[in-house]
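Chain by chain, the residues:
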Amino acid sequence: MMGWAATMTGWTVQGVSRYYAATGSGAALELATKLARDVKDHAEIFNEDGQFIARHDSPAPHAMQLPSTRPLGPALHFHHNANALHGLLEYGLAAADAE
């Protein structure tokens, strides 16, 4: 999953990280680490400078166009991009991972 859809993975990273913090489960830490690395390094939510880049299709005024031909909207929705960042923060704190 990449870009806009991947921003929702932040909730998963957050939940698995909280589970790890509460239980000390090695499996939860392993999963949280893999998810966090994917969100940070491969999901195209942030660029190499840490700027938000995930976008979604703009529904208007191009709603009548096929999704594949719609231009990307101005949709750098802070709350979705920040959701991924929040998940990474939760992971870093739980795992003591400064990266």
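Counting of residues starts from 1 at the beginning of each chain's written sequence and follows it residue by residue. Restriction of local features to residues with pLDDT of at least 70 applies here, the model being predicted, together with a cutoff of 80 or more for giving and counting side-chain atom pairs; totals for whole chains, interfaces and linings are based on all residues. Hydrogens and water are ignored here; the side-chain numbers use all heavy atoms of the structure.

Looking at unusual backbone geometry
What is expected of a backbone is that most residues other than glycine have negative phi and most peptide bonds are trans. Its identity as a non-glycine residue notwithstanding, E44 has a phi of 55 degrees, on the positive side. Numbering goes from the N terminus for both helices and strands, where a helix is a DSSP run of H or I of at least four residues and a strand is a run of E of at least two. Position of E44 relative to the elements: it lies in the loop between α2 (26–41) and α3 (78–95). What makes E44 partly exposed here is its relative accessible area of 45%. Its identity as a non-glycine residue notwithstanding, A96 has a phi of 55 degrees, on the positive side. Relative to the assigned elements, A96 resides in the segment after α3. Burial status follows relative accessibility: with a 1.4 Å probe on protein chains alone, a residue under 20% of its type maximum counts as buried, one over 50% as exposed, and anything between as partly exposed. Judged by its relative accessible area of 70%, A96 is exposed.

Description of the environment of F78
Residue placement: F78 occurs in helix α3. The spacing of F78 and A54 is 24 residues in sequence and 9.6 Å in space, taken between C-alpha atoms.

Quick word on the packing of helix α1 (residues 9–23) against α2
At a closest axis distance of 9 Å, the pairing of α1 and α2 adopts a crossing angle of 150 degrees. Between α1 and α2, the interaxial angle falls into the category roughly antiparallel. The element α1 and its partner α2 pack so that their crossing is left-handed. Of α2, the residues touching α1 (which contributes T9, T12, V13, V16, S17, Y19 and Y20) are A28, L29, L31, A32, L35, A36 and V39. Every axis corresponds to a line fitted to the C-alpha atoms, with the helix fit spanning only the stretch in contact, and the corresponding angles, defined between N-to-C directions, vary from 0 to 180 degrees. Relative orientations are named as follows: roughly parallel for angles under 35 degrees, roughly antiparallel for angles over 145 degrees, roughly perpendicular for angles from 65 to 115 degrees, and oblique for any other angle. The hand of a helix crossing depends on one turn: near helix anticlockwise from the far one by less than a right angle means left-handed, and clockwise means right-handed. Contacts are residue-level and defined by heavy atoms, with any inter-residue pair within 4.5 Å sufficient.

Digging into the nonpolar core
What we call a nonpolar core is a set of buried Ala, Val, Leu, Ile, Met, Phe, Trp, Tyr and Cys residues that are connected through their side-chain atoms within 4.5 Å. Judged by nonpolar contacts, the single largest core of 14 residues is most densely connected at V39, I45 and F46. Mapped onto this core, the elements with two or more residues apiece are α1, α2 and α3. If one sorts the elements of this core by residue count, α2 sits on top with four residues. Those residues in contact with V39 that sit more than four places away from it in its chain are T9, V13, I45, F46, A84 and L88.

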